[in-house]
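Residues per chain are reported as follows:
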Amino acid sequence: LSSYPSYIDLLPSIQTCNITNLPENYFLKYYLYHALTWPQLSFVAIVRPRNGYKHGSGNGLAGVGAAGDVSGQYPKVVGYVLAKMEEEPTDGKQHGHITSLSVMRTHRRLGIAERLMRMSQRAMAESHRANFVSLHVRMSNTAALRLYRDTLGFEVEKVESGYYADGEDAYAMHLKLDHMW
Ligand code: ACO
């Protein structure tokens, strides 16, 4: 991973990926808060610049803790998962939460989202002994629902009425992780 640029260098590209694909957007400091507090849990998928890096090469997936110098060009983020641990779980059980996930249109249906999710889920279990992982998804988001429910095995816990700013309802979903410790 030392051939990859730092997370801070990638932040604008992560934010672009978010803004391009989702109406739920965040200040840069919120991405930084995730990276500083739970550096194991968030991942990016990147494509390297045409001329490559000064040190190292290759497209791929990297953890947010990755650091290193590049030849002046930063790679493009084509997918990310932004994840955290629930800070004050009401039931007292450690659990992870997917804050945001997206993949650029040009790179969809290649298994990137599935891989990002599985990497984050494993890190939640191994680094934080997470009992489960939770997330919210729009009821109309059939692509994400298929990914979560059919590919990854999430279950719908409940419907949260008017969860989104535009009034759409959300499925609150979760997936057990305690078998991965
Ligand atoms: N239609 C139906 N099923 C789909 C679709 C789709 N358009 N996209 C993915 N899936 C399902 C399929 O079962 C797929 O397996 P298959 O390709 O073998 O059939 C499986 O998910 C895995 O697909 P990936 O290739 O890993 O998914 P991708 O990298 O294309 O990313 C994502 C999926 C993240 C939903 C992408 O479409 C996207 O970025 N959408 C816009 C942003 C978004 O909706 N993000 C999720 C919001 S919820 C949240 O952030 C917690």
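This structure is a prediction, so every number in the text was calculated from the model and none was measured. (Residues numbered from 1 in each chain as written. Predicted model: local features only at pLDDT ≥ 70, side-chain atom pairs only at ≥ 80, totals over all residues.)

A. Looking closely at the overall build of the protein chain. The helix and strand inventory of the protein chain stands at 4 helices and 7 strands. Overall, the protein chain shows an N-to-C arrangement of helices and strands of α-α-β-β-β-β-α-β-α-β-β. Looking at the protein chain as a whole, 31% of its 181 residues are labelled buried. Contacts in the protein chain between residues far apart in sequence, at least 24 positions, make up 66% of those at least 6 positions apart. (Helix = DSSP H or I, 4+ residues; strand = E, 2+ residues; numbered from the N terminus. Buried ≥ 20, exposed ≤ 12 C-beta atoms within 10 Å, placed from the backbone. Contact = placed C-beta atoms within 7 Å.)

B. Representation of helix α2 (residues 28-37) within the structure. When α2 is considered as a whole, its buried residues turn out to be Tyr31, His34 and Ala35. One side of α2 holds all its buried residues, which, seen down the axis, span an arc of 95°. More than 90 degrees from the buried face of α2, the exposed residues found are Lys29, Leu36 and Thr37. (Arc of directions from axis to C-beta.)

C. Layout of unusual backbone geometry. The backbone of Arg109 shows a phi angle near 60°, a positive value even though the residue is not glycine. Along the chain, the position of Arg109 falls in the loop between β4 (95-103) and α3 (112-128). Phi at Arg129 takes a positive value of approximately 45°, unusual for a residue other than glycine. Positionally, Arg129 belongs in the loop between α3 and β5 (132-138).

D. Up close: the site of the ligand. The environment of the ligand is made up of 23 residues, and the closest members are Arg108, Ala113, Glu114, Ala143 and Leu147. Taken together, the elements giving at least two residues each to the shell around the ligand come down to β4, α3, β5 and α4 (142-151). If you tally residues by element for the shell around the ligand, the top one is α4, at 6 residues. (Near = placed C-beta within 6 Å.)

E. Focus on the pairing of β5. Pairing of β4 with β5 involves 3 bridges; the strand directions are parallel. Bridge pairing in β5 links His97 to Ser134. With α3 bridging β4 and the parallel β5, this β-α-β connection has right-handed handedness. As defined by bridge partners, β5 adjoins strand β7 (residues 170-176) across 7 bridges and the pair is classed as antiparallel. Of the residues in β7, the one forming a bridge with Val137 is Tyr171. (Pairing = 2+ DSSP bridges. Right-handed = clockwise from strand over helix to strand, strands pointing away.)

F. Broad picture of the nonpolar core. Judged by nonpolar contacts, the single largest core of 39 residues is most densely connected at Val44, Val77, Tyr80, Val81 and Leu116. For Tyr80, the contacting residues outside a window of four places in its chain are Ile14, Cys17, Phe43, Val44 and Ser102. (Core = buried A, V, L, I, M, F, W, Y, C linked by C-beta atoms within 7 Å.)

G. Layout of the pairing of strand β3 (residues 76-85). Counting buried residues along β3, 7 of its 10 residues qualify, which places the element largely inside the surrounding structure. In terms of strand pairing, strand β1 (residues 43-47) meets β3 through 5 bridges, oriented antiparallel. By the bridge assignment, Val47 is partnered in β3 with Lys76. As judged from the 7 bridges shared by β3 and β4, these two strands associate in the antiparallel manner. Pairing of Lys84 across the sheet is with His97, part of β4.

H. Fine view of the environment of Lys76. Here Lys76 shows up in strand β3. C-beta crowding within 10 Å serves as the criterion here: with 19 such atoms nearby, Lys76 is assigned to the partly exposed category. Counting along the chain gives 55 residues from Lys76 to Asn21, while the straight-line C-alpha distance between them is 15 Å.

I. Quick peek at α3. When the terminal C-alpha atoms of α3 are compared, their 24 Å separation across 17 residues agrees well with the 24 Å that a helix rising 1.5 Å per residue should span. All of the buried residues in α3 are Ile112, Ala113, Leu116, Met117, Ser120, Gln121, Ala123, Met124 and Ala125. Phi for Arg129, located one or two positions after α3, is positive at around 45°. (Expected span 1.5 Å × (residues − 1).)

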